[in-house]
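# Observations on the model geometry
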Amino acid sequence: MCFNAAKLWQLGWNNNRHLTLSSSNPNYTGNIAGFIDNPDTPGSPMIIKIDDPSGEDYFINFNVKAGFNVDTIEGGNEVLVIRAGDGINYSESQLKAKLGAGSSYTVQDFVNGKTLKVEVNSINVQDRIANVRICIGECPPACSSDAQCDDSDDCTTDVCVEGGCTNSRIESEQCSACPGERVVDLRVLTDNYPKETSWKLYNTCADTVEAQGGNYIVANTEYATGKICVPIGAYEFIIEDSYGDGICCNYGYGSFSIDYNGNPVTIEPNRFSFGSSETIKFGEICPELDEFESSSPTITWSKSPTAQPSVKPSHSPSAKPSKSPTAKPSVKPSPSDCFNDSSYTFNLYWNQKEKDCSWITRNERVMTNRQEKYCSNSQNGRLVGEACCSACNA
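Residues numbered from 1 in each chain as written. Predicted model: local features only at pLDDT ≥ 70, side-chain atom pairs only at ≥ 80, totals over all residues. Heavy atoms only, no water.

## Let's talk about the overall build of the protein chain
Broken down by element type, the protein chain carries six helices and 23 strands. For the protein chain, buried positions account for 39% of its 394 residues. With the model as given, the accessible surface of the protein chain reaches about 23000 Å², and the carbon-plus-sulfur share is 49%. (Helix = DSSP H or I, 4+ residues; strand = E, 2+ residues; numbered from the N terminus. Buried < 20%, exposed > 50% of the residue type's maximum accessible area, 1.4 Å probe, protein only. Areas by Shrake-Rupley, 256 points an atom, 1.4 Å probe, with all protein chains shown as cover.)

Right, dumping it as structure tokens:
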């Protein structure tokens with residue numbers, strides 16, 4: 001707990017994402033972001049300071065258990081309330097509360113007989129945010145009906161509860177950050193020599209590099225990719241140090257973290273002390289490999305003939321072959337010239353799952369593979385290429 005909200009405020013870390021409340025600015029309802037996010041990007045406050053006329057202020061942060069903070073022991077994924085000095089000069093600090101979703105912390109007679117109340121409405125670990133309501137005095141109602149809580153996001157359920165808005169994310173395929181794919185979030189904390197560090201995210205299924213970074217400028221700073229949409233598959237995170245001494249621990253305490261679809265990848269701390277490079281493997285079975293290449297085809301060679309041919313080959317033909325056709329074959333129809341039959345379905349060979357025509361073109365990286373495997377075959381009484389004309393000719 002050495003670097004709690006009060007200490008971070010004093011050091012000036014994340015100062016682009018600070019918020020101060022006082023008797024003249026008494027209320028805040030909204031999100032507070034985990035302090036491991038990039039402070040240079042716009043977003044919700046990371047640390048909220050509540051001025052106390054006594055000089056012992058309160059500092060609030062969301063102690064998200066991710067990134068370089070994944071091994072935090074106390075108060076992980078909770079909103080912490082710290083009391084310390086004014087956030088400028090040195091002072092001791094006290095942990096006053098660890099708040100989960102639905103809990104609150106109250107200070108009676110905070111200033112001029114008014115109560116200070118800190119409420120946690122919800123916590124979203126995947127998005128690294130907590131929704132809070134902080135009031136000095138009576139909390140004004142933020143809403144009186146569900147309609148006032150509409151955040152224009154079709155993927156949240158918007159409800160007014162006891163005068164406060166709650167916007168809960170709907171868990172579904174359509175509302176995921178990357179429909180049909182996976183989300184990767186990479187974070188690199190540089191050492192004293194940031195320009196030596198580079199990395200790439202390699203998709204072993206598609207043999208492609210999905211993302212890469214490096215040549216950083218600022219030492220001892222965390223750089224985050226944000227959420228990257230990638231296909232379902234197996235991955236290698238390959239990090240390199242051009243000098244050959246890793247990123248920890250002789251010249252700074254660098255590190256890195258990986259989240260795959262909201263789940264942190266387990267990385268032992270000694271993996272940061274690599275030499276020239278380190279590779280972290282994570283992900284899932286390659287879906288296309290599983291679908292098309294899970295077993296090699298069995299080829300049976302015919303035996304050699306037991307006897308010589310009984311008839312000699314005929315003489316060369318007496319006439320020259322006819323000339324090549326003068327007209328080129330017609331080109332395949334463009335997707336705009338034909339349509340997919342929305343009622344038609346076919347089955348995958350490897351697991352017999354039912355798919356419609358849109359599946360063929362859903363993933364551009366493997367679209368050609370799917371066209372070759374299915375469009376020339378007949379299923380359910382029709383040629384797939386005919387029923388899925390648009391998809392097969394895309």
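Right, picking up where we left off after that structure.
## Comments concerning the environment of Met46
By secondary structure assignment, the location of Met46 is in the loop between β2 (27–33) and β3 (47–50). The exposure class assigned to Met46 is buried, which follows from its relative accessible area of 0%. Counting along the chain gives 27 residues from Met46 to Leu19, while the straight-line C-alpha distance between them is 8.0 Å. Residue contacts for Met46: discarding those within four places in its chain leaves Asn14, Arg17, Ile32, Ala33, Gly34, Phe35, Asp37, Asn38, Pro39, Ile60, Asn61 and Phe62. (Contact = heavy atoms within 4.5 Å.)

## Things to note about the state of the cysteines
A complete count under the given rule lists six disulfides for this structure. The residue that forms a disulfide with Cys135 is Cys139, at a sulfur-sulfur distance of 1.9 Å. On the sign convention where negative is left-handed, the bridge of Cys135 and Cys139, at about 120° about the S-S bond, is right-handed. The disulfide partner of Cys248 is Cys249, and the S-S distance across this bridge is 1.8 Å. Across the S-S bond of Cys248 and Cys249 the torsion is about 80°, and the bridge reads as right-handed. The exposure class of Cys248 is buried, given its relative accessible area of 12%. (Disulfide = S-S within 2.5 Å.)

## So, the pattern of salt bridges
Taken as a whole and judged by the stated rule, the model has 15 salt bridges. As a salt-bridge pair, Asp185 and Arg128 come within 3.4 Å of each other at their nearest N and O atoms. Within this pair, whereas Asp185 is found in strand β12 (residues 182–189), its partner Arg128 is found in the loop between β8 (114–124) and β9 (129–136), the two being separated by 57 residues in sequence. The two residues Asp185 and Arg128 agree in class, both being buried. One network of salt bridges, in which partners are shared, links Arg128, Asp185, Arg187, Glu222 and Asp259. (Salt bridge = Lys/Arg side-chain N within 4 Å of Asp/Glu carboxyl O.)

## Re the confidence of the model for the protein chain
Parts of the model with low pLDDT should not have their predicted coordinates read in detail. Per-residue pLDDT for the protein chain averages 81, and the proportion of residues at 70 or more is 83%. A low-confidence stretch, residues 289–314 (pLDDT under 50), is modelled with 12 contacts involving residues beyond four sequence positions or located in other chains. (pLDDT = per-residue confidence, 0-100.)

## Some points on the environment of Ser358
Residue placement: Ser358 occurs in helix α3 (residues 358–361). Here the alpha-carbon distance between Ser358 and Thr345, two residues 13 residues apart in the chain, equals 9.9 Å.

## Overview of the sheet that holds strand β17 (residues 255–260)
The antiparallel open sheet is built from four strands, whose spatial order is β15-β12-β17-β18. Looking at strand neighbours, the two that pair on one side only are β15 (222–230) and β18 (263–264), the edges of this open sheet. The pairing of β17 with β18 spans two bridges and is classified as antiparallel. Pairing of Tyr260 across the sheet is with Asn263, part of β18. (Pairing = 2+ DSSP bridges.)

## Focus: a nonpolar patch on the surface
Together, Phe3, Leu11 and Trp13 give the surface a local cluster of nonpolar side chains, amounting to about 330 Å² of exposed area. Along the chain, the position of Leu11 falls in helix α1 (residues 5–11). (Patch = residues over 30% accessible without salt bridge, like charges linked within 9 Å, V, L, I, M, F, W, Y side chains within 5 Å.)

## Comments concerning the nonpolar core
Judged by nonpolar contacts, the single largest core of 37 residues is most densely connected at Ile50, Ile60 and Ile134. Non-local contacts of Ile50, meaning those with residues more than four positions away in its chain, are made with Leu21, Asp57, Tyr58, Ile60, Phe110, Leu116, Val118, Ile134 and Ile136. Counting residues in each nonpolar core, the second largest holds 23 residues, with Val184, Ile228, Tyr235 and Ile247 among its members. (Core = buried A, V, L, I, M, F, W, Y, C linked by side-chain atoms within 4.5 Å.)

## Notes on the sheet that holds strand β16 (residues 234–241)
Two modes of strand pairing occur in sheets, parallel and antiparallel, and in both the strands are linked by backbone hydrogen bonds. Taken in spatial order, the four strands of this open sheet run β14-β13-β16-β19, and their pairing is antiparallel. Both outer strands of the open sheet, β14 (208–214) and β19 (277–283), are each paired with one neighbouring strand and no more. Geometrically, the sheet is characterised by an average inter-axis angle of 15° between neighbouring strands, direction not taken into account. Here seven bridges tie β16 to β19, and the two strands are oriented antiparallel to one another. Bridge assignment links Ala234 to a residue of β19, and that residue is Gly283. (Axes fitted to C-alpha atoms, helices over the stretch in contact; angles between N-to-C directions.)

## With respect to the side chain of Arg187
Relative to the helices and strands, Arg187 is located in strand β12. Overall, the relative accessible area of 6% leaves Arg187 in the buried class. A polar contact is formed between the side chain of Arg187 and the side chain of Glu222, at a distance of 3.1 Å. For Arg187, the contacting residues outside a window of four places in its chain are Ile36, Asp37, Asn38, Gly67, Arg128, Glu222, Tyr223, Ala224, Ser255, Phe256 and Ser257. (Polar contact = N/O pair within 3.5 Å; in protein donor to acceptor, adjacent residues only side chain to side chain.)

## So, the pairing of β3
Burial along β3 is two-sided: the residues Ile47 and Lys49 and Ile48 and Ile50 are all buried. As judged from the four bridges shared by strand β1 (residues 18–21) and β3, these two strands associate in the parallel manner. Note that in β3 the partner of His18 across the bridge is Ile47. Pairing between β3 and strand β4 (residues 58–63): four bridges, direction antiparallel. When the sheet's bridge partners are listed, Lys49 is paired in β4 with Phe59.

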